[in-house]
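# Descriptive analysis of the structure
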Amino acid sequence: MDPDGSFSIHRSQQQQFDLDRYVCIASYPIGEIYLEPYDRGQWEALYDYWVAEFLPCLASNGFEVADPPTKETFLAAPEAWHPVGDRGLRDQLSAAEAQGRISSSNEFLAEVCSVSPGESVLYPEQSTP
């Protein structure tokens, strides 16, 4: 795993990864809406959630968080900032895991301070019956 939370595959394993990914997607198809890039409304909802919910949750759990960009700056280039992409936060999460304060970074970011506002916020049109 790379420091920003993404992952890299060694070129010697790329062919196997591509095959495994193909088999996984064929077995568990991804809905078309999840393959489309976010629109402005989704980016706004994500930013609002991160600033109002996610970052305060991290702070209330003892993590130091950097100030986010302004909403306007974020919306001008939304892929340029992700609160979990901050190296300092990743280091803090790793340290908390090593100290036993959290069981795992991934579990913490999914269950305690969820990095995602959920489908009902990002895809509200899909949530109505």
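Details of the structure are given in the entry above.
Structure report, in brief.

What counts and how
- Residues numbered from 1 in each chain as written.
- Predicted model: local features only at pLDDT ≥ 70, side-chain atom pairs only at ≥ 80, totals over all residues.
- Heavy atoms only, no water.
- Helix = DSSP H or I, 4+ residues; strand = E, 2+ residues; numbered from the N terminus.
- Contact = heavy atoms within 4.5 Å.
- Disulfide = S-S within 2.5 Å.
- Buried < 20%, exposed > 50% of the residue type's maximum accessible area, 1.4 Å probe, protein only.
- Salt bridge = Lys/Arg side-chain N within 4 Å of Asp/Glu carboxyl O.

### A few points about the environment of Val51
By secondary structure assignment, the location of Val51 is in helix 3 (residues 40–60). It is 7.3 Å that separates the C-alpha atoms of Val51 and Pro68, two residues lying 17 residues apart in sequence. When neighbours within four sequence positions are excluded, Val51 is seen to be in contact with Pro56 and Pro68.

### Thoughts on the state of the cysteines
Within the structure shown, the criterion is met by 1 disulfide. Note that Cys57 is cross-linked by a disulfide to Cys113, the S-S spacing being 2.0 Å. The disulfide joining Cys57 to Cys113 has a torsion of about -80 degrees about its S-S bond and is therefore left-handed. Here Cys57, found in helix 3, pairs with Cys113, found in the loop between helix 6 (105–112) and helix 7 (119–122); they are 56 residues apart in sequence, far enough to count as distant. For Cys57, a relative accessible area of 17% corresponds to the buried category.

### Quick look at the pattern of salt bridges
Taken as a whole and assessed by the stated rule, the structure comprises 3 salt bridges. Where Glu44 meets Arg40, a salt bridge forms, and the shortest distance between an N and an O atom there is 3.1 Å. Remark: Arg40 and Glu44 occur in helix 3; sequence separation between them is 4 residues, near one turn of the helix. According to the relative accessible area criterion, Glu44 is partly exposed, its value standing at 26%. In this structure, Lys71 engages Asp48 in a salt bridge whose closest nitrogen and oxygen atoms are separated by 2.8 Å.

Just distances and angles here, no functional claims.
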